[in-house]
Amino acid sequence: MNKIIYIFVLIFSLFLLTSCLENKTENNIAAQILNSEEVEENKLIKIWVLAPLSWWASSYWKDAVNAYRKSVDDYNKKENNIKVELVIEDSKCSWKDSITAIQKLLNIDKVAFVLGWICSSETIAAWKIAESKKIVMISPTSSSPEISEMWGYIYRYWNDAHAWTTLSQYLNTKYEKINLIVENTDYAKALSNKLKELYKWEIILDISFDSHEKDFWIISNNIEKNNAEAIVLLNQTEWSVLSIIKSLKDKWLIEKYKKENIIWAYFFSTDPVKQWLWTDYMNWFVQVNIDNESSVAQKWLDFVEEFKKEYEVNFDASFLYLEKEAIDFVLESIDNWVRDSEWLKNTLDSVTQDNPRQGYFWEYYIDEKWDAIGLQYSIEKIVAWWVKKLEY
């Protein structure tokens with residue numbers, strides 16, 4: 001009797017087990033079909049953008065974000081199976097906000113593609129987090145030379161070390177004694193260190209000032225007493241350079257240095273209101289900038305005209321083609337079925353000196369420190385409301 005009961009229980013158990021396995025298999029197949037359907041239906045890809053929209057650098061990034069928007073809008077108008085959406089976070093040009101934003105990216109938004117930052121301090125702060133999670137950051141205008149030492153997951157189109165090589169060649173050719181005046185920010189100090197490494201003559205005065213400083217009497221007084229041939233201003237904020245130039249003008253030092261012997265780091269604005277304000281102070285000053293008389297010039301001008309049909313230029317149109325190249329690279333990668341950060345990294349790494357990329361504006365390759373090499377720089381003199389390239 002017990003043997004019969006045992007056999008019955010065994011048969012019943014095998015029946016239940018078989019039923020469960022069948023149900024589980026059916027459920028797994030259903031889940032796979034559901035997931036496939038979700039993948040098929042999920043035709044939206046998000047590109048995450050970190051931009052300082054509410055701080056001193058907001059005028060830069062309104063243009064940058066609008067450049068991204070224009071390219072994405074143009075992309076979405078095409079008959080694509082995939083649609084792209086920008087997810088924009090305000091970073092306020094703050095390293096703390098940068099860390100908060102990238103943590104949100106990794107923990108909440110789960111976005112695979114990252115565009116940002118303009119402020120080098122943000123990029124530097126976020127780098128370790130991005131690297132630990134293997135998230136690629138394309139930062140078109142984070143330009144501090146320090147970023148070149150952070151290998152692996154930061155790619156960019158602008159490195160001030162390259163621009164400063166051009167500036168140092170100009171200074172070495174023209175001046176054997178200079179005054180160096182540096183704004184007390186990480187960005188400006190990095191520029192100063194690079195310039196001092198490259199400049200081979202004498203720096204008579206090497207002095208820094210705080211961003212919101214208004215009294216430049218000590219600096220002006222020191223400049224007045226020495227016999228330097230030129231003044232080099234390494235600044236980051238526009239109000240700081242206006243204040244210090246006003247102080248130099250009040251002491252007649254602008255006349256002493258004949259204006260063209262004053263070289264500054266902050267790029268001349270293409271905004272008409274600012275041009276009107278600045279021309280009185282900065283006409284005939286000299287700066288280093290992207291060479292807009294090079295082969296990219298006409299394409300750049302055509303793009304700016306097209307851009308202005310939809311968006312206002314808030315600060316400086318010369319940055320627009322860096323952002324356009326960055327977003328176009330990502331969109332083309334999406335068209336080529338790149339779907340995550342690691343695939344994007346492999347695509348970027350394939351742009352080598354032997355296999356350069358012909359971007360919208362210029363040809364370039366990615367070097368061993370993940371900088372795009374190909375931009376040309378020039379020394380320019382501000383004349384009236386525009387700039388003139390200098391030969392030296």
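Provided above is the structure to which this section pertains.
Residues numbered from 1 in each chain as written. Predicted model: local features only at pLDDT ≥ 70, side-chain atom pairs only at ≥ 80, totals over all residues. Heavy atoms only, no water.

With respect to the overall build of the chain
Scanning the chain from terminus to terminus reveals 13 helices and 15 strands. Going through the 392 residues of the chain one by one, you find that 53% of them count as buried. Within the chain, counting contacts between residues at least 6 apart in sequence, those at least 24 apart form 72% of the total. When the accessible surface of the chain is split by element, carbon and sulfur atoms take 53% of a total near 19500 Å². (Helix = DSSP H or I, 4+ residues; strand = E, 2+ residues; numbered from the N terminus. Buried < 20%, exposed > 50% of the residue type's maximum accessible area, 1.4 Å probe, protein only. Contact = heavy atoms within 4.5 Å. Areas by Shrake-Rupley, 256 points an atom, 1.4 Å probe, with all protein chains shown as cover.)

Re the side chain of Ser139
Structurally, Ser139 can be placed in the loop between β4 (137–138) and β5 (154–155). Residues contacting Ser139, with those up to four places away along its chain left out, are Gly116, Trp117, Thr123, Ile154, Tyr155, Arg156 and Tyr157.

Considering the side chain of Glu183
The topology assignment puts Glu183 in strand β6 (residues 177–183). Within the buried set, Glu183 has no salt-bridge partner at all; the shortest N-O distance to an opposite charge, 11 Å, is to Lys189. Side chain to side chain, Glu183 and Ser211 meet in a polar contact 2.6 Å long. Not counting residues up to four positions away in its chain, the partners in contact with Glu183 are Ala188, Lys189, Phe209, Ser211, Leu234, Asn235, Gln236, Thr237 and Ser240. (Lys, Arg positive; Asp, Glu negative; His and termini not counted. Salt bridge = Lys/Arg side-chain N within 4 Å of Asp/Glu carboxyl O. Polar contact = N/O pair within 3.5 Å; in protein donor to acceptor, adjacent residues only side chain to side chain.)

Here we look at helix α5 (residues 160–174)
The α-helix winds at 3.6 residues per turn, so residues separated by three or four positions along the chain end up facing the same way. Between its first and last C-alpha atoms α5 spans 21 Å; for 15 residues at 1.5 Å apiece the expected length is 21 Å, and the two agree. Every buried residue belonging to α5 is among Asp160, Ala161, Ala163, Trp164, Thr166, Leu167, Ser168, Tyr170, Leu171 and Asn172, and all of these are buried. Buried residues belonging to α5 abut α6 (186–198), β8 (230–234), β9 (262–264), β10 (286–290) and β14 (377–383). (Expected span 1.5 Å × (residues − 1).)

Focus: the packing of aromatic side chains
Aromatic ring pairs are reported here in terms of the distance separating the ring centres and the angle at which the planes meet. Counted according to the given criterion, the structure contains 12 aromatic pairs. Ring geometry for Tyr157 against Tyr364: centres 5.4 Å apart, planes inclined by 85°, an arrangement best described as edge-to-face. Placement of Tyr157 in the loop between β5 and α5 and of Tyr364 in strand β12 (residues 363–366) is noted, with a sequence separation of 207 residues between them. A relative accessible area of 1% places Tyr364 in the buried class. For the pair Phe303 and Phe361, a centre-to-centre distance of 5.8 Å together with 80° between the ring planes defines the contact as edge-to-face. On the criterion of sequence distance, the pair formed by Phe303 in helix α11 (residues 297–308) and Phe361 in the loop between β11 (357–358) and β12 is long-range, its members being 58 residues apart. Here Phe361 falls in the buried class, since its relative accessible area comes to 4%. Through a chain of ring-to-ring contacts, the aromatic side chains of Phe303, Phe307, Tyr311, Tyr360 and Phe361 assemble into a single cluster. Lying over the aromatic face of Tyr360, Lys324 brings its terminal NZ or CZ to 4.6 Å of the ring centre. In this structure, Lys345 packs its charged tip against the face of Tyr153, placed 5.4 Å from the ring centre. (Phe/Tyr/Trp six-rings, centres within 6.5 Å; stacked < 30°, edge-to-face > 60°. Lys NZ or Arg CZ within 6 Å of the ring centre and 35° of its normal.)

Digging into the sheet that holds β11
The sheet built from three strands is open, its strands ordered β11-β12-β13 with antiparallel pairing. At either end of the open sheet lies a strand with only one pairing partner, and these are β11 and β13 (372–373). By the bridge criterion, two bridges tie β11 to β12 in an arrangement that is antiparallel. Paired with Arg357 across the strands is Tyr364, a residue of β12. (Pairing = 2+ DSSP bridges.)

Looking at the environment of Pro140
Position of Pro140 relative to the elements: it lies in the loop between β4 and β5. Note on Pro140: relative accessible area 0%, which makes it buried. Distance in space between the C-alpha atoms of Pro140 and Phe319 is 8.8 Å, their sequence separation being 179 residues.

Quick word on the pairing of strand β7 (residues 202–209)
The pairing of β6 with β7 spans seven bridges and is classified as parallel. Considered in β7, the bridge of Asn179 is made with Leu205. For the handedness criterion, the β-α-β arrangement of β6, α6 and β7 is classed as right-handed. (Right-handed = clockwise from strand over helix to strand, strands pointing away.)

A short note on the packing of α5 against α6
Between α5 and α6, the least distance of the axes is 9 Å, while the angle of their chain directions is 45°. When the axis of α5 is compared with that of α6, the two are oblique. The way α5 lies across α6 gives a crossing that is right-handed. Mapping the contact onto sequence places Asp160, Ala161, Trp164, Thr165, Leu167, Ser168, Leu171 and Asn172 in α5 and Tyr187, Leu191, Lys194, Leu195 and Leu198 in α6. Here the contact of α5 with α6 is built from residues that sort into eight nonpolar, three polar and two charged. (Axes fitted to C-alpha atoms, helices over the stretch in contact; angles between N-to-C directions. Parallel < 35°, antiparallel > 145°, perpendicular 65-115°, else oblique. Left-handed = near helix turned anticlockwise from the far one by under 90°. Nonpolar A, V, L, I, M, F, W, Y, C, P; charged D, E, K, R; others polar.)

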